[in-house]
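# Structure assessment
Chain residues, written in single-letter form:
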Amino acid sequence: MNYWLVKSEPDECGIDDFVASGDKPIRWDGIRNYQARNFLRAMRPGDQVLLYHSSCKQIGVAGVLEVVTAPYVDPLQFEPDSDYYDAKASTDKPKWSAVDLRLVGKARQILPLATLKQLSALQTCALLTRPRLSVMSLTENEWQAIIKALGHLQLFSEAKG
DNA sequence: GCCAACGTTGGC
DNA sequence: GCCAACGTTGGC
């Protein structure tokens with residue numbers, strides 16, 4: 001079991017999109033950074049993922065997702081009309097990957113960045129030390145610290161009964 | 001292979 | 001909207 005954190009602007013794809021999608025997974029695509037891609041390629045079905053909302057009113061952890069599929073070729077790299085088109089990628093030599101993610105639970109309230117910054121377990125976490133990295137692994141310790149902060153505040157609710 | 005210019009991310 | 005951080009590009 002591995003732990004991850006992914007960032008997204010909620011206008012693009014946020015926790016409410018996962019709530020609306022219910023059991024149906026959403027493809028996590030459009031990653032166009034090599035380090036983020038390499039983390040994404042290490043994802044395995046069943047891995048747990050925190051969803052972080054960036055560049056928005058309420059910045060912070062918005063909920064928990066899980067990995068549904070193994071990584072596969074991101075089809076958007078081949079679509080010229082897509083924002084995520086990559087002219088250098090070919091079906092012979094695809095460059096970018098995607099996985100499918102599904103909702104586990106939504107936070108009752110966003111766990112704000114300001115709070116995350118105060119957690120001692122996160123002082124060396126990539127979320128705080130590596131700005132602009134949009135997919136990262138978390139240690140079990142980092143994961144537990146965030147889950148505890150979510151749970152202790154009773155922020156967590158089951159998305160589906 | 002170096003590095004300046006440029007573009008993007010993302011908090012504030 | 002500003003700007004710091006930093007990844008990418010491209011000239012040499």
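Residues numbered from 1 in each chain as written. Chains lettered and ligands numbered in written order. Predicted model: local features only at pLDDT ≥ 70, side-chain atom pairs only at ≥ 80, totals over all residues. Heavy atoms only, no water.

### Examining the protein's contact with DNA strand B
- Lining the immediate surroundings of DNA strand B are Lys7, Tyr52, Ser54, Ser55, Ile59, Leu113, Lys117, Arg132 and Leu133.
- The sugar-phosphate backbone supplies 79% of the atoms of DNA strand B found within 4 Å of the protein.
- Ser55 is positioned with one of its backbone polar atoms (N or O) 3.0 Å from a phosphate oxygen of DNA strand B.
- The contact in question runs from a phosphate oxygen of DNA strand B to an N or O atom on the side chain of Lys117, over 2.5 Å.
- Residues belonging to the surface near DNA strand B are distributed by class as follows: four nonpolar, two polar and three charged. (Near = heavy atom within 4 Å. Polar contact = N/O pair within 3.5 Å; in protein donor to acceptor, adjacent residues only side chain to side chain. Nonpolar A, V, L, I, M, F, W, Y, C, P; charged D, E, K, R; others polar.)

### Here we look at the nonpolar core
- Core analysis: the biggest nonpolar cluster contains 42 residues, and Phe18, Trp28, Leu50, Leu116 and Ile146 have the highest contact counts within it.
- Looking at this core, the element that brings in the most residues is strand 6 (residues 97-112), giving six residues.
- Residue contacts for Leu50: discarding those within four places in its chain leaves Trp4, Leu5, Val6, Val61, Gly63, Val64, Leu138, Trp143, Ile146, Ile147 and Leu150. (Core = buried A, V, L, I, M, F, W, Y, C linked by side-chain atoms within 4.5 Å. Buried < 20%, exposed > 50% of the residue type's maximum accessible area, 1.4 Å probe, protein only. Helix = DSSP H or I, 4+ residues; strand = E, 2+ residues; numbered from the N terminus. Contact = heavy atoms within 4.5 Å.)

### Concerning the pattern of salt bridges
- Counted under the stated rule, the structure contains five salt bridges.
- Measuring nitrogen to oxygen at the nearest pair gives 2.9 Å for the salt bridge that ties Lys95 to Asp86. As far as the burial class goes, Lys95 and Asp86 line up, both buried. (Salt bridge = Lys/Arg side-chain N within 4 Å of Asp/Glu carboxyl O.)

### Description of helix 3 (residues 34-41)
- Among all positions of helix 3, only Ala36, Arg37 and Leu40 are buried. Relative to the axis of helix 3, the buried residues are bounded by an arc of 100° and lie together on one face.
- Elements in contact with the buried residues of helix 3: strand 2 (26-28), strand 6 and strand 7 (135-138).
- By the N-cap criterion, in which a side-chain oxygen at the helix start approaches the backbone nitrogen of a residue two or three places on, helix 3 is capped by Asn33, the distance to Gln35 being 3.1 Å. (Arc of directions from axis to C-beta.)

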